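Structure assessment
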Amino acid sequence: MMQKLEHVQATDTPKTINELLERDGAVVIENILSEDHLWGLNSELDTMVASTKPGLRHPAHPRMVEFYGLSTIRFDGLPAKSQTFVEVMLTPLLCGAADHFLLPNCHDYIFNTGQLIQIGPGEKAQRLHRDEDAWNFLIAPEMSIEVEAMFALTDFTIDNGATRVVPGSHRWPSEREALEEEIIQAEMPAGSALMYLGSTIHGGGANRTKDQHRRGMFLGYVVG
């Protein structure tokens, strides 16, 4: 059976978002960024994008070079680079999901990563993975340890590298791999976000265009 990735509006309730995350492990929320926030993020980060070369600058292991992408621009530390990002960190639906999934497992959760990810033309699809594998010493089957979102700062399309995601994979055993028909690309207009759990299988898509740069912004929280 073909998988389905739900699309909702930012006006939907936190309860609706959390129920979809519990069921599917991922959901697209459209219009979660205001026009002012979208413009502010892009304008504040444009200069940094223009001055950053694609590829991993200081690889800790050769296998990470391909994982991070040869035609993908990445940089971290967005709270220090964009005042608008600081405002977006407190997006109620994202914080509400972190409250729901993470607080039962910790005294408080903490900011994990704020990263700009711009996939350039010709980039290959990223290896599918679970973000929580970075914290494998914490993992328990019943425990959520990360809540994350990929914000679309430009339109995400199948051709330009929309994030690949596997709904329902947050409930799979760790060794199970996704079949091709279980993978969906999170097509969404700029201003939307793919919100997902750290246990959900996902990865950047291939950019098959010649002139489009898919710009996304990763923001996540992890148990403290």
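It should be noted that the structure appears before, not after, this text.
Presented here is an overview of the structure given in this document.

Concerning the overall build of the protein
- Helix and strand counts for the protein come out as six helices and 10 strands.
- Since a compact globule built from 224 residues should have a radius of gyration of about 17 Å, the 16 Å found for the protein is in line with a globular shape.
- Expressed as lengths along the three principal axes of its C-alpha atoms, the size of the protein is roughly 40 × 35 × 35 Å.
- Sorting the 224 residues of the protein into buried and exposed places 53% on the buried side.
- Nonlocal contacts in the protein, meaning residues at least 24 apart in sequence, comprise 79% of its contacts between residues at least 6 apart.

Focus: the nonpolar core
- If you look at the biggest cluster of nonpolar residues, it comprises 41 residues, and the most contacted ones within it are Phe151 and Met195.
- When residues of this core are assigned to their parent elements, the largest contribution, seven residues, is made by helix α6 (residues 92–102).
- With sequence-adjacent residues up to four places away left out, Phe151 is seen in contact with Ile32, Leu33, Val88, Phe156, Ser192, Ala193, Arg215, Gly216, Met217 and Leu219.

A word on the pairing of strand β4 (residues 109–119)
- In terms of residue burial, β4 counts as a mostly covered element, since eight of its 11 residues are buried.
- As paired strands, β4 and strand β10 (residues 214–223) are joined by 10 bridges and run antiparallel to one another. The residue bridging Ile119 from the neighbouring strand is Arg214, located in β10.

Comments concerning α6
- Across the 11 residues that make up α6, a large majority, eight, are buried.
- Residues of α6 that are buried include every one of Leu93, Leu94, Cys95, Gly96, Ala97, Ala98, Phe101 and Leu102, and no others.

Topic: the environment of Asp159
- Structurally, the position occupied by Asp159 is in the loop between β5 (146–152) and β6 (164–165).
- Spatially, the C-alpha atoms of Asp159 and Lys210 are 9.9 Å apart, while their sequence positions differ by 51 residues.

Side note on the sheet that holds strand β9 (residues 202–203)
- With antiparallel pairing, the three strands of this open sheet are ordered in space as β7-β6-β9. This sheet does not close on itself; its edge strands, each paired only once, are β7 (184–185) and β9.

Here we look at the side chain of His129
- Relative to the assigned elements, His129 resides in the loop between β4 and β5.
- Residue class for His129 comes out buried when judged on its relative accessible area of 13%.
- Beyond its immediate stretch of four places on either side in the chain, His129 contacts Phe67, Thr200, Ile201, His202 and Gly203.

As for the packing of helix α1 (residues 14–24) against α6
- It is at 10 Å that the axes of α1 and α6 come closest, and there the two elements cross at 55°. Comparing their axes, α6 and α1 come out oblique. Judged by the sense of rotation from one axis to the other, the crossing of α1 with α6 is right-handed. Counting all contacts with α1, which are made through Pro14, Ile17, Asn18, Leu21 and Glu22, the residues of α6 involved are Leu93, Gly96, Ala97, His100 and Phe101.
- In terms of residue class, the contact of α1 with α6 is built from six nonpolar, three polar and one charged.

Details of the sheet that holds β4
- The seven strands lie next to each other as β1-β2-β8-β5-β10-β4-β3, forming an open sheet whose pairing is mixed. Across the chains shown, the open sheet's two edge strands, defined by having one partner strand only, are β1 (7–9) and β3 (72–75). Going from strand to strand, the sheet's axes swing by 25° on average, the running direction of each strand aside.
- The sheet contact formed by β3 and β4 spans four bridges and is antiparallel. When the bridges of β4 are listed, Thr72 appears paired with Ile119.
- Packed onto the sheet, α6 meets β2 (26–30), β4, β5, β8 (193–197) and β10 and runs at close to 160° relative to β5.

The rules behind the values
Residues numbered from 1 in each chain as written. Predicted model: local features only at pLDDT ≥ 70, side-chain atom pairs only at ≥ 80, totals over all residues. Heavy atoms only, no water. Helix = DSSP H or I, 4+ residues; strand = E, 2+ residues; numbered from the N terminus. Rg over C-alpha atoms; globule rule 2.2 N^0.38 Å. Buried < 20%, exposed > 50% of the residue type's maximum accessible area, 1.4 Å probe, protein only. Contact = heavy atoms within 4.5 Å. Core = buried A, V, L, I, M, F, W, Y, C linked by side-chain atoms within 4.5 Å. Pairing = 2+ DSSP bridges. Axes fitted to C-alpha atoms, helices over the stretch in contact; angles between N-to-C directions. Parallel < 35°, antiparallel > 145°, perpendicular 65-115°, else oblique. Left-handed = near helix turned anticlockwise from the far one by under 90°. Nonpolar A, V, L, I, M, F, W, Y, C, P; charged D, E, K, R; others polar.

Bear in mind that shape data such as this cannot, by itself, settle questions of function.
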